[in-house]
Amino acid sequence: MIKVIGIRFRTAGKIYYFNPGDEELKRGEHVIVETARGVEYGTVVMPPTDMEDSEITQPLKPVMRKATKEDDEKEQRNREKEKQAFKICKEKIVKHGLDMKLIDAEYTFDNNKVLFYFTADGRVDFRELVKDLASVFKTRIELRQIGVRDETKILGGIGFCGRALCCHTYLSDFAPVSIKMAKEQNLSLNPSKISGICGRLMCCLKNEEETYEELNRKMPNPGDTVTTDDGFKGEVASVNVLRQLVKVVIEEGDEKEIKEYKASQLKFKPRHRKERNKDKDRDKNRNNSEEAELRALEQLEKKEGKSKLNDD
């Protein structure tokens, strides 16, 4: 076991582990640490905790010190300088005629480097821009191309649910999301309904995926033939996955009746044996334009890859 402390350098950013040493640190306090890109000012999000050696990448760098009042003031000055740096960089981009969208500017705590985050449709030759910026700021310059998910994480916003975006408030990393998750949760496969404001599949599709997978294993599909515990055979009309309730059409002579049963009261073939065929039938019924949009979404998900905001 080894004692570690978890530190973030931006809101909802990745948590990095450091050796707390003899410092008594609490959640929410600020510290000064040395990172791969220089001396940085971070926030404690996980107080000193014992973790297994196998969970930590060694060697751990120590916390240099708890942030002082002077450190806090310097960090505030850096935030103000970033606004000016952002403005200057936008002007230089226009001057050089580059097809790129500037998203954010960031100073390292020691002012040893200025990072500019941008998005672009393809590769951008920004060598002359870097030289121009270096002559203005008199320090190291890094231009980092990021994806639309990272852009949304930095800028924030309100999701379709009416709440602040998950990626901007608490998600440290982007979990892989797929169309299969939407199918599992029986959501509309209209791309506009399952995409976030970044234009990619909504991250929250991952939140309840495991729960739906477990519940769906216990449920028949609409159209399946089932046998009830009171001896009837019928066809499934609809299902309520969360409540584990099934409406079954029962035929008695010339009459049909819809009865509701708990999933545990029914006998049927397990869902996973038929799932592939059911999905194929559902795909056939979807119009071609939606199908093309869904394929394009899946390709974009694979292309996006890991977040470019982290310094691993």
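Residues numbered from 1 in each chain as written. Predicted model: local features only at pLDDT ≥ 70, side-chain atom pairs only at ≥ 80, totals over all residues. Heavy atoms only, no water.

**Q** What am I meant to see in helix α1 (residues 69-96) here?
**A** One full turn of an α-helix is made of 3.6 residues, so residues set three or four places apart face in the same direction. Over its 28 residues, α1 runs 40 Å from end to end, which matches the ideal 40 Å to within 8%, given 1.5 Å per residue. Looking at the buried positions of α1, the neighbouring elements they touch are β3 (30-35), β4 (38-51), β5 (63-66), β6 (101-107), β7 (113-119) and α2 (127-137). Phi turns positive, to about 65°, at glycine 97, one or two residues after α1. (Helix = DSSP H or I, 4+ residues; strand = E, 2+ residues; numbered from the N terminus. Expected span 1.5 Å × (residues − 1). Contact = heavy atoms within 4.5 Å.)

**Q** What is the right way to look at the state of the cysteines in this model?
**A** Should the sulfur atoms of two cysteines be covalently bonded, the bond is a disulfide. For the structure shown, the criterion picks out 0 disulfides. Cysteine 166 supplies the cysteine sulfur nearest to cysteine 204, a cysteine that is in no disulfide, at a spacing of 5.8 Å. Take cysteine 204: its relative accessible area is 35%, and that puts it in the partly exposed class. (Disulfide = S-S within 2.5 Å. Buried < 20%, exposed > 50% of the residue type's maximum accessible area, 1.4 Å probe, protein only.)

**Q** Sorry if this is basic, but what is going on with the sheet that holds strand β1 (residues 2-8) here?
**A** Strand pairing within a sheet occurs via backbone hydrogen bonds; the two strands may be parallel or antiparallel. Ordered in space as β2-β1-β4-β3-β5, the 5 strands form an open sheet in which the pairing is antiparallel. Bordering the open sheet on either side are β2 (16-18) and β5, each of which pairs with just one other strand. Adjacent strand axes in the sheet meet at a mean angle of 45°, parallel and antiparallel pairs treated alike. Here α1 sits on the sheet and contacts β3, β4 and β5; the angle it forms with β4, its principal contact strand, is near 125°. (Pairing = 2+ DSSP bridges. Axes fitted to C-alpha atoms, helices over the stretch in contact; angles between N-to-C directions.)

**Q** In this structure, what is going on with the packing of aromatic side chains? I would like to understand it.
**A** Any aromatic ring pair is given by two values, namely how distant the centres are and how the planes are angled relative to each other. Tallied over the entire structure, the rule returns 5 aromatic pairs. Measuring from ring centre to ring centre gives 6.0 Å for phenylalanine 116 and phenylalanine 137, while their planes differ by 45°; the resulting arrangement is tilted. In this pair, phenylalanine 116 sits in strand β7 while phenylalanine 137 sits in helix α2, placing the two residues 21 residues apart along the sequence. Phenylalanine 137 carries the same exposure label as phenylalanine 116, and that label is buried. Residues phenylalanine 118 and phenylalanine 126 carry aromatic rings whose centres are separated by 5.7 Å and whose planes lie at 80° to one another, so their mutual orientation is edge-to-face. Residue classification places phenylalanine 126 among the partly exposed positions, given a relative accessible area of 23%. Here the aromatic cluster, defined as three or more aromatic residues joined through ring pairs, consists of Phe9, Tyr16 and Phe18. (Phe/Tyr/Trp six-rings, centres within 6.5 Å; stacked < 30°, edge-to-face > 60°.)

**Q** When you look at unusual backbone geometry in this model, what are you seeing that I'm missing?
**A** Most of the time, phi is negative for any residue but glycine, and the peptide bond is trans. A positive phi is found at alanine 12, a non-glycine position, where the angle reads about 60°. Relative to the helices and strands, alanine 12 resides in the loop between β1 and β2. Taking the relative accessible area as the measure of exposure, alanine 12 reaches 3% and is therefore buried.

**Q** What should I look at first to understand the pairing of β7 in this one?
**A** Consecutive side chains along a regular strand alternate between the two faces of the sheet. Judged by how many residues are buried, β7 sits mostly within the fold: 7 of 7 residues are covered. Taken together, the 6 bridges between β6 and β7 define a ladder with antiparallel strand orientation. By the bridge assignment for β7, leucine 102 is matched with phenylalanine 118. Hairpin connection from β6 to β7: 5 residues lie between these consecutive antiparallel strands, with asparagine 111 at a positive phi of about 60°. Relative to strand β8 (residues 140-145), β7 runs parallel, the two sharing 6 bridges. Pairing of leucine 115 across the sheet is with glutamate 142, part of β8. Handedness of the crossover joining β7 and β8 through α2 is recorded here as right-handed. (Right-handed = clockwise from strand over helix to strand, strands pointing away.)

**Q** Please explain the packing of α1 against α2 as it appears in this structure.
**A** The angle between the axes and the distance between the axes are what describe a pair of packed helices. With their axes 10 Å apart at the nearest point, α1 and α2 run at an angle of 140° to one another. In this view, α1 runs oblique relative to α2, as classed from their interaxial angle. With respect to the hand of their crossing, α1 and α2 are arranged in right-handed fashion. Touching Ala85, Ile88, Cys89, Lys92, Ile93, Lys95 and His96 of α1 are Glu128, Leu129, Asp132, Leu133, Val136 and Phe137, all from α2. Here the contact of α1 with α2 is built from residues that sort into 8 nonpolar, 1 polar and 4 charged. (Parallel < 35°, antiparallel > 145°, perpendicular 65-115°, else oblique. Left-handed = near helix turned anticlockwise from the far one by under 90°. Nonpolar A, V, L, I, M, F, W, Y, C, P; charged D, E, K, R; others polar.)

**Q** Would you take a moment to explain the sheet that holds β6 for this structure?
**A** With respect to topology, 3 strands assemble into an open sheet ordered β6-β7-β8, the strand pairing being mixed. Each having just a single partner strand, β6 and β8 make up the two edges of the open sheet. Ignoring strand direction, the axes of neighbouring strands in this sheet form an average angle of 20°. Packed on one face of the sheet, helix α3 (residues 148-155) meets β6 and β7 and runs near 60° to β6.

**Q** Help me understand the pattern of salt bridges, please; the structure alone is not making it clear to me.
**A** Charged atoms that come close allow side chains of opposite charge to pair. The tally for this structure, following the rule as stated, stands at 18 salt bridges. Lysine 66 is the salt-bridge partner of glutamate 29, the closest N and O atoms lying 3.7 Å from each other. Residue glutamate 29 is located in the loop between β2 and β3, and its partner lysine 66 is located in strand β5; the two are separated by 37 residues in the primary sequence. Given a relative accessible area of 32%, lysine 66 falls into the partly exposed group. Arginine 79 is the salt-bridge partner of glutamate 75, the closest N and O atoms lying 1.8 Å from each other. Taken together, the residues span about one helical turn, with glutamate 75 and arginine 79 both in helix α1 at a distance of 4 residues. Through salt bridges with shared partners, a single ionic network connects Arg10, Arg37, Glu40 and Glu106. (Salt bridge = Lys/Arg side-chain N within 4 Å of Asp/Glu carboxyl O.)

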